Every structure is written in C-alpha cells, then in structure tokens.
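Spelled out from the first residue to the last, the chains are:
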Amino acid sequence: MAEAMAAGMIESGTIEPERIIMTNRSNEQRRQELMENHGVLATQSIEFAVREADVVILAMKPKDVERALEGIEDFITNEQLLLSVLAGVPSSFIEEKLEGEQPVIRVMPNTSSMIGKSISALAAGEHVSDEQVTIARALIRSIGETVVIEEEQMDVFTGVAGSGPAYIYHVIESLEKAAVEGGIETETARKMAVQTVLGAGMMAEQSEDSPSALRKKVTSPNGTTQAGLEALYENGGGEAIEAAVENAATRSKEISNQFNKKPVTQ
Ligand SMILES: NC(=O)C1=CN([C@@H]2O[C@H](COP(=O)(O)OP(=O)(O)OC[C@H]3O[C@@H](n4cnc5c(N)ncnc54)[C@H](OP(=O)(O)O)[C@@H]3O)[C@@H](O)[C@H]2O)C=CC1
Ligand SMILES: O=C(O)[C@@H]1CCC=N1
C-alpha cells in the first residue's frame, strides 16, 4: 500500500521522489526495488526516516503497529503529522501509545492509488488542526479523490472502498473466465472483461443517469441482459456484494476491538 501511495504521489507531480523516505524492518530487496522503481530514498533506519519527515505515514499491518510505535516514540514530535492507513486501528490507540498531543489522521486509501484513482477517506484524531486536515487532504488528493468522514464511519468505508477493488477484480476474473469458457482466446477475454468494467465505471461517473437507470437502459425486456441478471440475482447478485462489505466492515470493527483489549495477533 505504501508503494502504491508513493507511486501515485510521484506520478501526479505532488512530491519529488527524493523527498520521500521509505523504510521497513528487514526486507532489503524491497527497499532496493523501491529506490530503483520510484527514485525514492529507502533506508533501514526508521529513526532517520521519521526524524527527517514533516509527515509520517504508517503503513504496516495492524499486528505490527504497537511495536512500530514503540520504535518511534522517542523521536517523533507533536510538530509532525502522522497519517495512518492501517485498517481498523483507532487513532486513539496511536495517540495513547505516543502520549503527548500527537496529531493523527486516519486515512483509508485503496491500491488504485498507484495510478491516482483511489478514493480515500480521512478521519482526524483528537489533536489535529483544520490546517493539518487541509495539508493531509492535499497530499492524499494526489492519489485520487478524498472525503472527510467521522472515524466511526471508517469500518464501512473500508468495507466498500478499501477492500472494494478486490470485489471488482473478482468480477473481472469471472467475466474473463466465462469468456474463455465460451471459446474466446485469453488475451481477448481479459480485454473484454476489463473494458466492460472500465466503460461501465466511467459511464456511472460521467452520465447524468443513476447506476440503476443505466442498468435499466442495458436491459431490454425479455432480452439477454434480463436473462443474465435473473441468474445473477438467483446466485446472490447485489446481496453478495452487500454481504462482502458487511463482513469486511465487521472485520475492521473486530480489529478495532482488539486494539481496545490487546494483544493483537492478526
Ligand atoms: N493492501 C491494501 O489494499 C490496503 C491496505 N491498507 C492497510 O495498509 C497496511 C499495509 O498493508 P499492505 O501494504 O497490504 O501490507 P504489506 O505486508 O505488503 O506491507 C507492510 C509493510 O510494513 C513493513 N513493516 C512492518 N513493521 C514495520 C515497522 N515496525 N517499521 C517499518 N516498517 C514495517 C513491512 O516490511 P518488513 O516486514 O520488512 O518490516 C512491509 O513492507 C495495512 O495496515 C492495511 O490495513 C489500507 C488500505 C488498502
Ligand atoms: O485487507 C485488508 O485488511 C486491507 C485493508 C483494506 C484493503 N486491504
């Protein structure tokens, strides 16, 4: 996720690659790749990375955050803005671990950041000024659209937009598989699936019609789409997507609850 964000920020021209410092604990090959592929500075020194930064972005797995915070608490200052993209981890947990009055903004991007097409939510913690929200929003705007939400809305946002690309990739995989099974060559099948999703997404974005109205325009009475939709609805259809969002949001809540108890294992 960190790589997708860095790539999007660089590609959009928001920040020069040499002003981004990336770090991890152990994987030297990844650091090398990041430097070669994006021109960023990648270092094993977490202290150097944090000390040099105006804005620190946390992007480890939730299970690693407690140790990560313990590793930076001695040198991060309240003048530095901390953005956390970690699913489910409450800003209050980070604030408490770092003590003082650390400005923390939770951000939920998605991997389409890589091409500047994320939709990212921002939720400000206890000690964040309006100016810091503006700074964070300008930075995150470089990887796509932004919305500012209340922190309690993060779980559902994560279920829809953080995890959402995976549902759409699954749809693409299914369309492609069906095309191949129908006798179409794999490369063409992939193109058909991707372009169908892309075209529908762009129509939904650009048309004055609602998605529901657009769906109806495809669906001729007693035609092929009606037959297709009937099978889709019989097999779960939109309810399957809603269930996916609900389950993802529930998992996000579970992670938050673990942080209110500890220790975190996943
Ligand atoms: N993937 C996605 O689509 C999205 C992910 N997120 C969130 O982003 C976070 C990362 O996810 P993802 O990128 O998939 O995970 P990855 O496992 O790919 O990346 C996590 C990185 O964190 C590094 N890391 C772990 N502990 C530390 C530490 N103490 N200090 C510095 N670096 C550390 C790891 O490297 P090493 O082990 O070498 O330290 C690794 O490079 C998660 O919290 C997730 O909830 C949010 C939105 C979307
Ligand atoms: O699967 C996850 O936990 C992360 C958060 C949102 C997308 N990926």
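Being a predicted model, the structure only gives us computed values, none of them experimental.

### Brief notes about the site of ligand 1
In the vicinity of ligand 1 there are 19 residues, among which M1, R25, S26, M60 and A87 approach most closely. In this structure, an oxygen atom belonging to ligand 1 sits 2.8 Å away from a main-chain N or O atom of M1. In the complex, 73% of the free accessible area of ligand 1, which totals 880 Å², lies under the protein chains. Class assignment of the residues belonging to the shell around ligand 1 gives a composition of eleven nonpolar, five polar and three charged.

### Some thoughts on the packing of aromatic side chains
Note on aromatic pairs: each is described by the distance of the centres and the angle between the planes. Scanning all chains against the criterion turns up one aromatic pair. Measuring from centroid to centroid gives 4.7 Å for F93 and F259, while their planes differ by 75 degrees, and the two rings are edge-to-face. A residue pair is termed long-range when its members are at least 10 positions apart, and F93 in helix α5 (residues 91-98) and F259 in helix α12 (residues 237-261) qualify at 166 residues. Judged by its relative accessible area of 4%, F259 falls in the buried class.

### What about the site of ligand 2?
Near ligand 2, the surroundings consist of A87, G162 and S163. Contact with the protein chains removes 41% of the 240 Å² of surface that ligand 2 exposes when unbound.

### Regarding the pairing of strand β6 (residues 118-124)
With five of seven residues buried, β6 is to be regarded as a mostly interior element. Taken together, the five bridges between β6 and strand β7 (residues 144-148) define a ladder with parallel strand orientation. Note on β7: the bridge partner recorded for S120 is T146. Assessed by its sense of winding, the connection that carries the chain from β6 through helix α6 (residues 130-141) to β7 is right-handed.

### Structural notes on a nonpolar patch on the surface
A surface patch of nonpolar side chains, about 240 Å² in accessible area, is lined by V194, L198 and M202. Locating V194 in the fold gives a position in helix α9 (residues 186-206). Classification of V194 by relative accessible area gives partly exposed; the value is 33%.

### With respect to the nonpolar core
In this structure, M9, I20, L83, I105, V107 and I140 are the most contacted members of the largest nonpolar core, which totals 20 residues. Listing elements by their share of this core, those giving two or more residues are α1 (2-11), β4 (81-84), β5 (104-108) and α6. Element by element, the count of residues in this core is highest for α1, at four residues. Those residues in contact with L83 that sit more than four places away from it in its chain are V55, V56, I57, L58, I105, V107, A136, L139 and I140.

### What about the pattern of salt bridges?
Here the structure, examined in full by the defined rule, presents 14 salt bridges. Note that E33 is salt-bridged to R30, the shortest N-O span being 3.0 Å. Taken as a pair, E33 and R30 lie in helix α2 (residues 28-38) at a separation of three residues, close to a single helical turn. Classification of R30 as partly exposed rests on a relative accessible area of 30%.

### Points about the UniProt feature "domain: Pyrroline-5-carboxylate reductase catalytic N-terminal" (unreviewed entry) in the chain
In the numbering used here, UniProt assigns the feature "domain: Pyrroline-5-carboxylate reductase catalytic N-terminal" (unreviewed entry) to residues 1-88. Here residues 1-88 runs as 40% helix and 16% strand, with 15 Å between its end C-alpha atoms.

### Brief notes about the UniProt feature "binding site: NADP(+)" (unreviewed entry) in the chain
Per the UniProt record, the feature "binding site: NADP(+)" (unreviewed entry) sits at A59, M60, K61 and P62. Exposure remark for K61: the relative accessible area of 57% places this residue in the exposed category. Note on placement: P62 falls in the loop between β3 (55-58) and α4 (65-72).

Parameters and conventions
Residues numbered from 1 in each chain as written. Chains lettered and ligands numbered in written order. Predicted model: local features only at pLDDT ≥ 70, side-chain atom pairs only at ≥ 80, totals over all residues. Heavy atoms only, no water. Near = heavy atom within 4 Å. Polar contact = N/O pair within 3.5 Å; in protein donor to acceptor, adjacent residues only side chain to side chain. Areas by Shrake-Rupley, 256 points an atom, 1.4 Å probe, with all protein chains shown as cover. Nonpolar A, V, L, I, M, F, W, Y, C, P; charged D, E, K, R; others polar. Phe/Tyr/Trp six-rings, centres within 6.5 Å; stacked < 30°, edge-to-face > 60°. Helix = DSSP H or I, 4+ residues; strand = E, 2+ residues; numbered from the N terminus. Buried < 20%, exposed > 50% of the residue type's maximum accessible area, 1.4 Å probe, protein only. Pairing = 2+ DSSP bridges. Right-handed = clockwise from strand over helix to strand, strands pointing away. Patch = residues over 30% accessible without salt bridge, like charges linked within 9 Å, V, L, I, M, F, W, Y side chains within 5 Å. Salt bridge = Lys/Arg side-chain N within 4 Å of Asp/Glu carboxyl O. Core = buried A, V, L, I, M, F, W, Y, C linked by side-chain atoms within 4.5 Å. Contact = heavy atoms within 4.5 Å. UniProt positions renumbered as here; feature names shortened; annotations may be inferred.

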